[in-house]
Amino acid sequence: MTFESGKIGAIGDKDSILAFKAIGVEVFVVDTPIEADEVLKTIRKKQYSVVFLTEELASAMTNTLQKLKTNTFPTIILIPSASGAGNGFAQENLKKDIEKALGTGL
Amino acid sequence: MAQNQINPTRIELRKCKTRLKSATAGHKLLKDKLDEMVRQFLTLARKAQQMRQEVESELLSIFKSFALARAIVGSQEIESALYMPTMSVAVQTATKSIMGVTVPIIKTKLPEQKASLPYALASAPPELDQAIFKFYDFVQKLIKLGESEKICALLAEEMEKTRRRVNALEYIMIPELKNSIQYIQMKLDENERAALVRLMKVKEKLEKED
């Protein structure tokens, strides 16, 4: 199996992605879902294989995410944002996938 | 009805029979594929769900440590301390196939040596050091989670498609073909009887004339 090296990026508000900056992940600070959408579009062309995205932003850009869902890469990993608990968007997503796959919940 | 459009001929009957045969075979294959996918998906999805919960609570506690550090020395200090990271995380990717679905494999590549912190120790509170190291170890888990979730999403997509095909075959194609076969068979039998009766009549007539 041949492995290719890929880049990691993180998109989110300043507080949430500070931690990613600290360990050397390339970060893109955005404040609105529209900006995040733009960043995601440019990122796609640059062969990032893993992108971290805050749930807060993700829940407002479902269209773009839906399109990316069926691609093998990039893998978008949703993280709760630093401001309080996550909104459960990622868990909801997983649940939806399970329902889609099995025709019923787990 | 569809059966009104087919000619009740022997050739048509044979065609329908072969189609029914391949449809049944295809249905069985697809159903087996779906069953196997369900089996694999179940374990993967359960794992992903569990991982997601673990990761989220862990991540929140790490964020809390960062917030704490920020509260002690102020956001600007923290940001400037972290501005030039000395650690680096990269990933290596490949793809594999689960039941014919191309899914990613993502390996996190951490440098062999644990890198030093990007700032002078005195310039930031020890909470920050802890948080960074914790996060550095944690990111591997996070990426693993992303990989599992992606696999689940891709598998789910394929399973939905397969299920649709199985249902289309089972509830539409196969019954329709069976119907057609029955219809043709009946028509052919009918024709045969008609021919027989006609012959008998003709024979009767001929005998009368003689």
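Residues numbered from 1 in each chain as written. Chains lettered and ligands numbered in written order. Predicted model: local features only at pLDDT ≥ 70, side-chain atom pairs only at ≥ 80, totals over all residues. Heavy atoms only, no water.

**Quick notes on the nonpolar core**
Alright, step 1. One finds Phe20, Ile23 and Phe52 of chain A together with Phe66 of chain B to be the most contacted residues of the largest nonpolar core, which totals 37 residues.
Alright, step 2. The set of elements that each furnish at least two residues to this core consists of strand S1 (4-12), helix H1 (14-22), strand S3 (48-54) and strand S4 (75-79) of chain A together with helix H1 (10-73) and helix H3 (126-209) of chain B.
Alright, step 3. It is H3 of chain B that contributes the most residues to this core, 10 residues altogether.
Alright, step 4. For isoleucine 23 of chain A, the contacting residues outside a window of four places in its chain are Met87, Ser88, Val89, Ile132, Phe135, Tyr136 and Val139 of chain B.
Alright, step 5. One finds Ile98 of chain A together with Leu44, Leu155 and Met159 of chain B within the second-largest nonpolar core, a separate group that totals 19 residues. (Core = buried A, V, L, I, M, F, W, Y, C linked by side-chain atoms within 4.5 Å. Buried < 20%, exposed > 50% of the residue type's maximum accessible area, 1.4 Å probe, protein only. Helix = DSSP H or I, 4+ residues; strand = E, 2+ residues; numbered from the N terminus. Contact = heavy atoms within 4.5 Å.)

**As for the interface of chain A and chain B**
Alright, step 1. If you look at the interface, chain A gives 49 residues, while chain B gives 53 residues.
Alright, step 2. Interface area for chain A against chain B, summed over the two sides, is near 4500 Å², with a carbon-plus-sulfur share of 70%.
Alright, step 3. Interface area lost by chain A to chain B is led by Phe3, Leu18 and Ile23 of chain A, which between them contribute 15%.
Alright, step 4. Scanning the region where chain A abuts chain B turns up 1 salt bridge.
Alright, step 5. Taking the shortest distance from any N to any O, the salt bridge between glutamate 157 of chain B and lysine 100 of chain A comes out at 2.8 Å.
Alright, step 6. Secondary structure elements with two or more residues in the side of chain A that touches chain B: S1, H1, S3, helix H4 (62-69), S4 and helix H5 (89-102) of chain A.
Alright, step 7. The leading source of residues in the side of chain A that touches chain B is H5 of chain A, at 9 residues. (Buried area = accessible area lost by both parts, 1.4 Å probe. Salt bridge = Lys/Arg side-chain N within 4 Å of Asp/Glu carboxyl O.)

**Describing the pattern of salt bridges**
Residues and elements named next belong to chain B.
Alright, step 1. If you walk through the whole model with that rule in mind, you get 15 salt bridges over all chains.
Alright, step 2. Two residues, lysine 141 and glutamate 54, come together in a salt bridge whose shortest N-O distance is 3.4 Å. With lysine 141 in helix H3 and glutamate 54 in helix H1, this residue pair connects regions lying 87 residues apart in the sequence.
Alright, step 3. Across the pair arginine 193 and glutamate 190 runs a salt bridge, and its minimum N-O distance is 3.1 Å. In this pair, arginine 193 and glutamate 190 both sit in helix H3, 3 residues apart, roughly one turn of the helix.
Alright, step 4. By relative accessible area, arginine 193 is classed as partly exposed at 48%.
Alright, step 5. In this structure glutamate 190 comes out as partly exposed when scored by relative accessible area, which is 44%.
Alright, step 6. Salt bridges linked by common partners bring Arg52, Glu56 and Glu149 together as one network.

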